[in-house]
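# Coordinate inspection notes
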Amino acid sequence: MGCVILNRRLTLEELSQDSDGAGGFVNNWVTLGTHWARLRSGSGPEALGGDAVLSSVPYVVTVRAAPFGAPSRPRADQRFREGARVFRILSVADDDRHPNYLICRCVEEVAG
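Only a predicted model underlies this, so the values are computations on that prediction, with no experimental measurement involved.

### What to know about the overall build of the protein
- Counting its secondary structure elements, the protein contains zero helices and seven strands.
- When the helices and strands of the protein are placed in sequence order, the string is β-β-β-β-β-β-β.
- Within the protein, buried positions represent 31% of all 112 residues.
- Here the analysis covers contacts within the protein between residues at least 6 apart in sequence; of these, 51% occur between residues at least 24 apart.
- On the protein, roughly 7,000 Å² of surface is accessible, and the fraction owed to carbon and sulfur atoms is 52%.

### Comments concerning the nonpolar core
- The biggest cluster of nonpolar side chains holds 14 residues, and the ones touching the most others in it are L39, Y59, V61, V63, F80 and C106.
- Elements supplying a minimum of two residues to this core: β1 (8–19), β2 (25–41), β4 (52–64), β6 (85–94) and β7 (101–111).
- The dominant element in this core, judged by the number of residues it contributes, is β4, at four residues.
- If we ignore the near neighbours within four places in the chain, the residues touching V63 are H35, W36, A37, P74, F80, N100, Y101, L102 and C104.

### Let's talk about the environment of R79
- Residue placement: R79 occurs in strand β5 (residues 78–82).
- Owing to a relative accessible area of 12%, R79 belongs among the buried residues under this scheme.
- A sequence separation of 64 residues divides R79 from L15, and the C-alpha atoms of the two residues are 8.6 Å apart.
- Polar contacts involving the side chain of R79 include one to the side chain of E13, which spans 2.6 Å.

### Some points on the pattern of salt bridges
- Enumeration according to the criterion identifies eight salt bridges in this entry.
- Among the ionic pairs, R8 bridges to E82, the shortest N-O distance being 2.8 Å. Of the two residues, R8 sits in strand β1 while E82 sits in strand β5, which places them 74 residues apart along the sequence.
- The partner of R75 in a salt bridge is D77, with the nearest N and O atoms 3.1 Å apart.
- The class of R75 is partly exposed, set by a relative accessible area of 39%.

### Topic: the packing of aromatic side chains
- Summed over all chains, the structure comprises one aromatic pair.
- With a centroid separation of 5.0 Å and 75° between ring planes, the pair formed by Y59 and F87 is classed as edge-to-face. A residue pair is termed long-range when its members are at least 10 positions apart, and Y59 in strand β4 and F87 in strand β6 qualify at 28 residues. Assigned by exposure class, Y59 and F87 land together as buried.
- Sitting over the ring of F68, R73 keeps its end group 3.9 Å from the ring centre.

Definitions and cut-offs
Residue positions are given per chain, counted from 1 along the sequence in the order it is written. The predicted origin of the model limits local features to residues at a pLDDT of at least 70 and limits the giving and counting of side-chain atom pairs to 80 or more, whereas totals for whole chains, interfaces and linings rest on all residues. Side-chain figures throughout are based on the complete set of non-hydrogen atoms in the structure, without hydrogens or water. Strands here are runs of E lasting at least two residues and helices are runs of H or I lasting at least four, both read from the DSSP assignment and numbered beginning at the N terminus. Relative accessibility thresholds used throughout: buried, under 20% of the residue-type maximum; exposed, over 50%; partly exposed, between the two (1.4 Å probe, protein chains only). Every residue pair with non-hydrogen atoms within 4.5 Å of one another is taken to be in contact. Note on areas: these come from Shrake-Rupley sampling with a 1.4 Å probe, and a residue is covered only by the protein chains present in the view. Throughout, nonpolar core names a set of buried Ala, Val, Leu, Ile, Met, Phe, Trp, Tyr and Cys residues whose side chains join them through atoms within 4.5 Å. Two N or O atoms form a polar contact when they lie within 3.5 Å of each other; inside protein one atom must be a possible hydrogen donor and the other a possible acceptor, and for residues adjacent in sequence the pair counts only when both atoms belong to side chains. Salt bridge, as used here, is a side-chain nitrogen of Lys or Arg placed within 4 Å of a carboxyl oxygen of Asp or Glu. Between the rings of Phe, Tyr and Trp (Trp by its six-membered ring), a pair exists once the centres lie within 6.5 Å; its type follows the angle of the planes, with under 30 degrees stacked, over 60 edge-to-face, and the other angles tilted. Whether a charge sits over a ring depends on NZ of Lys or CZ of Arg being within 6 Å of the ring centre and within 35 degrees of the ring normal.

And the structure:
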């Protein structure tokens with residue numbers, strides 16, 4: 001089995017809906033922990049979003065494997081953060097070639 005070089009430190013975040021005190025909710029992103037990762041980018045489409053152009057770039061993010069149900073295992077309703085960059089997780093699967101790793105299909109949406 002080959003070695004995967006994980007050289008990017010990403011923060012795993014989960015959406016939390018908290019009461020706003022007036023009967024509604026406020027969305028907050030809560031940090032679950034950090035992962036060392038490998039990021040590989042692809043190409044993506046651009047779309048108009050109001051007055052701005054939104055670019056949606058796909059990424060494949062590789063992290064160390066964690067068992068199903070473990071809080072450290074990424075899920076499709078979460079995201080990775082690296083500074084100001086945010087990568088929304090679309091899917092998570094075991095890496096068939098490297099069984100100790102997970103493949104996370106993500107998208108980084110950039111306003112331009």
